[in-house]
Amino acid sequence: GQQVMQIPQYQHVQEGEDFTTYCNSSTTLSNIQWYKQRPGGHPVFLIQLVKSGEVKKQKRLTFQFGEAKKNSSLHITATQTTDVGTYFCAAGAGSYQLTFGKGTKLSVIP
Amino acid sequence: GAGVSQSPSNKVTEKGKDVELRCDPISGHTALYWYRQSLGQGLEFLIYFQGNSAPDKSGLPSDRFSAERTGGSVSTLTIQRTQQEDSAVYLCASSLGGGFAFFGQGTRLTVV
């Protein structure tokens, strides 16, 4: 079945540094979604990308969908302690079923 | 309700007992997922329901795990003869077709 690799598994950054997590698939995707899970919470939807090469921004967060629609990235500029949590990508590949990556756990050192 | 509701929120059970975890998805959502998340870890896919189609059970870790979804709405995840390694947070999510997923607050299962 569909597999989605997400790297890195963990990332520790100093507050103010940038952070990037990557999501890779071996097959072409119809869409990619990103979620954030705060410590002790549940994953919450952030954004969906559907077009090849699409770039979307939410304040300090930049989301990209690769030209081949096989990979995606989430970049956070100048991290803050409020960015702490686990970021998940979720891939759609034609059927309705979403396949979630294992997530990247972000720690921000004040 | 307005969101995905899971019950109970916490469950402590003795090793060897059976447990049932319930998920009430958002009304009208055709897709329903169960995930397991161990402390500090990522999401482990368990099972996926979509409408009246046969569920994708490929993530169930053993035959002690089963799930059903009645009437295309409420779902129950059953774990028989619980083991300590079953301790985790069990998350349910629902979505409308291929749209984004709404997660419940989860059930924290502790097997003692």
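Our subject is the structure listed above.
As the structure is a prediction and not an experimental result, all values here were calculated from the model.

**What about the overall build of chain A?**
Helix and strand counts for chain A stand at 0 helices and 11 strands. Taken from the N to the C terminus, the helices and strands of chain A come in the order β-β-β-β-β-β-β-β-β-β-β. Computed over the C-alpha atoms, the radius of gyration of chain A is 13 Å, within 12% of the 13 Å expected from 2.2 N^0.38 for a compact globule of 110 residues. Taken over 110 residues, chain A has a buried fraction of 46%. Excluding contacts between residues fewer than 6 apart, the proportion of contacts in chain A whose partners are at least 24 apart in sequence is 53%. About 5400 Å² of surface is accessible on chain A, with carbon and sulfur atoms providing 51% of the total.

**Section: the packing of aromatic side chains**
Tallying each qualifying case throughout the model produces 12 aromatic pairs over all chains. Aromatic side chains Y33 of chain B and Y35 of chain B sit 6.0 Å apart centroid to centroid with 20° between the ring planes, which places their arrangement in the stacked category. One exposure class covers both Y33 of chain B and Y35 of chain B, and it is buried. Residues Y35 of chain B and F45 of chain B carry aromatic rings whose centres are separated by 5.9 Å and whose planes lie at 65° to one another, so their mutual orientation is edge-to-face. Placement of the pair is Y35 of chain B in strand β4 (residues 31-37) and F45 of chain B in strand β5 (residues 44-50), with a sequence separation of 10 residues. By relative accessible area, which is 2% here, Y35 of chain B ends up buried. Grouping aromatic residues by their ring pairs yields a cluster made of Y35, F45 and F100 of chain A together with Y33, Y35, F45, Y48, F100, F102 and F103 of chain B.

**Some words on the sheet that holds strand β8 (residues 71-76) of chain A**
Residue and element names in this part refer to chain A. One open sheet holds the 5 strands; their spatial order is β1-β3-β8-β7-β6, and the pairing between them is antiparallel. Where the open sheet ends on each side, the last strands, each with one partner, are β1 (4-7) and β6 (55-58). Neighbour-to-neighbour, the strand axes of this sheet turn through a mean angle of 15°, independent of strand direction. Here 6 bridges tie strand β3 (residues 19-25) to β8, and the two strands are oriented antiparallel to one another. When the sheet's bridge partners are listed, T20 is paired in β8 with H75.

**Observations regarding the state of the cysteines**
Residue and element names in this part refer to chain B. For the structure shown, the criterion picks out 2 disulfides over all chains. Paired by a disulfide, C23 and C92 hold their sulfur atoms 1.9 Å apart. Classification of the bridge connecting C23 and C92 rests on its S-S torsion, roughly -65°, and on that basis the disulfide is left-handed. Here C92 lies in strand β8 (residues 88-95) and C23 lies in strand β3 (residues 19-24), a separation of 69 residues in the sequence. C92 shares its class with C23; the two are buried.

**Observations concerning the interface of chain A and chain B**
Taken together, the contact pairs 16 residues of chain A with 21 residues of chain B. Around 1600 Å² of area is buried between chain A and chain B when both sides are counted, 54% of it from carbon and sulfur atoms. If you sort the residues of chain A by the area they bury against chain B, H42, Y96 and Q97 of chain A come out on top, with a joint share of 35%. In this structure, the connection of chain A to chain B is made through 0 salt bridges.

**Points about the sheet that holds β3 of chain B**
Residues and elements named next belong to chain B. Strand order across the open sheet formed by 4 strands is β1-β3-β7-β6, with antiparallel pairing between neighbours. The two strands at the open ends of the sheet, each matched to only one other strand, are β1 (5-7) and β6 (65-69). Shown here is a sheet whose adjacent strand axes are inclined to one another by a mean of 15°, direction ignored. In terms of strand pairing, β3 meets strand β7 (residues 75-79) through 5 bridges, oriented antiparallel. Bridge pairing in β7 links R22 to T76.

What counts as what
Residues numbered from 1 in each chain as written. Chains lettered and ligands numbered in written order. Predicted model: local features only at pLDDT ≥ 70, side-chain atom pairs only at ≥ 80, totals over all residues. Heavy atoms only, no water. Helix = DSSP H or I, 4+ residues; strand = E, 2+ residues; numbered from the N terminus. Rg over C-alpha atoms; globule rule 2.2 N^0.38 Å. Buried < 20%, exposed > 50% of the residue type's maximum accessible area, 1.4 Å probe, protein only. Contact = heavy atoms within 4.5 Å. Areas by Shrake-Rupley, 256 points an atom, 1.4 Å probe, with all protein chains shown as cover. Phe/Tyr/Trp six-rings, centres within 6.5 Å; stacked < 30°, edge-to-face > 60°. Pairing = 2+ DSSP bridges. Axes fitted to C-alpha atoms, helices over the stretch in contact; angles between N-to-C directions. Disulfide = S-S within 2.5 Å. Buried area = accessible area lost by both parts, 1.4 Å probe. Salt bridge = Lys/Arg side-chain N within 4 Å of Asp/Glu carboxyl O.

Geometry only, nothing functional implied.
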